[in-house]
Amino acid sequence: MLLKDFYQVEQLEKTDEGKFKATVVLNKQHAIFKGHFPGNPVTPGVCMMQIIKELTQEILGSSLIMTQSSNVKFMALINPDVNPVLNLDLEISGDLASEVKVKNTTSFESTVALKLTNTYKKA
């Protein structure tokens, strides 16, 4: 984990071929929220992208480097005081020997907060 104690994985399961569901809980006491933003914490988008990468690495059992990101849509603010529990749907395709594509939808309750497609190569 790049950001120590930033989040905890509560659940990570395969739901279908190449499809996974994860539940993570953000640590609302993490130092990053003191600067982003004091009194009104918002989860940085780059931190969400890092969570997706780390979950994908755990699923594939390999270190990855992001080579491309597309269709990135931040659709709602993620305030860890209000919505610390996030649900991530990951659809992984490709070949680890060349490149892996990950389509993600991140939500809390019934609100979609993030949609993106990332491409990785093996580190």
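Here, the structure is the one placed above.
Asks: Describe helix α2 (residues 45–60), and please don't skip the residues or the numbers.
Replies: The end-to-end C-alpha distance of α2, which contains 16 residues, comes to 23 Å, matching closely the 22 Å that a straight helix rising 1.5 Å per residue would cover. Among all positions in α2, only Cys47, Met48, Met49, Gln50, Ile51, Ile52, Lys53, Glu54, Leu55, Thr56 and Gln57 are buried. Where α2 ends, the next residue or the one after it, Gly61, has phi of about 65°, a positive value.

Asks: Mind laying out unusual backbone geometry, listing which residues take part and the relevant values?
Replies: Leaving glycine out, the prevailing phi sign among residues is negative, and the prevailing peptide bond configuration is trans. Phe37 follows His36 through a cis peptide bond whose omega is 5°. Along the polypeptide, Phe37 turns up in the loop between α1 (32–35) and α2. The backbone of Asp5 shows a phi angle near 65°, a positive value even though the residue is not glycine. The topology assignment puts Asp5 in the segment before β1 (7–16).

Asks: Explain the sheet that holds β1 to me, using residue names and the numbers behind them.
Replies: The six strands are arranged β1-β2-β4-β5-β6-β3 in an open sheet whose pairing can be described as antiparallel. Both outer strands of the open sheet, β1 and β3 (64–74), are each paired with one neighbouring strand and no more. With strand direction ignored, the average angle separating the axes of adjacent strands in the sheet is 20°. The sheet contact formed by β1 and strand β2 (residues 19–26) spans eight bridges and is antiparallel. The partner of Glu13 across the bridge, within β2, is Lys21. Relative to the sheet, α2 contacts β1, β2, β3, β4 (85–95), β5 (99–108) and β6 (111–122), its axis offset from that of β4 by approximately 55°.

Asks: Run through the packing of aromatic side chains, naming residues and quoting values.
Replies: In total, this model carries two aromatic pairs according to the counting rule given. Look at Phe6 and Phe33: their rings are 5.6 Å apart centre to centre, the planes differ by 25°, and that puts the pair in the stacked class. Taken together, the positions of Phe6 in the segment before β1 and Phe33 in helix α1 put the pair 27 residues apart, joining distant regions of the chain. Each member of the pair Phe6 and Phe33 is classed as buried. Ring pairs connect the aromatic residues Phe6, Tyr7 and Phe33, which therefore count as one cluster.

What counts and how
Along each chain, residues carry numbers from 1 onward, in the same order as the chain's sequence is written. For a predicted model such as this one, the threshold for reporting local features is a pLDDT of at least 70, and the threshold for listing and counting side-chain atom pairs is 80 or more; totals across whole chains, interfaces and linings nevertheless cover every residue. Heavy atoms from the whole structure form the basis of all side-chain values; hydrogens and water molecules are not counted. Only DSSP runs of H or I reaching four residues or more are called helices, and only runs of E reaching two or more are called strands; each is numbered from the N terminus. The span expected for a helix works out to 1.5 Å for each residue beyond the first. Using a 1.4 Å probe on the protein chains alone, a residue whose accessible area is under 20% of its type maximum counts as buried, one over 50% counts as exposed, and one in between counts as partly exposed. Two strands form a pair only when DSSP identifies at least two bridges running between them. Structural elements are reduced to axes, namely lines fitted to C-alpha atoms, with helices fitted over the stretch in contact, and the angle between N-to-C directions of any two is expressed from 0 to 180 degrees. Whether two residues are in contact is decided by their heavy atoms: any pair within 4.5 Å suffices. Only rings of Phe, Tyr and Trp enter the pairing, Trp through its six-membered ring, and a pair is recorded when the two centres are within 6.5 Å. The plane angle decides the type: under 30 degrees is stacked, over 60 is edge-to-face, the rest tilted.

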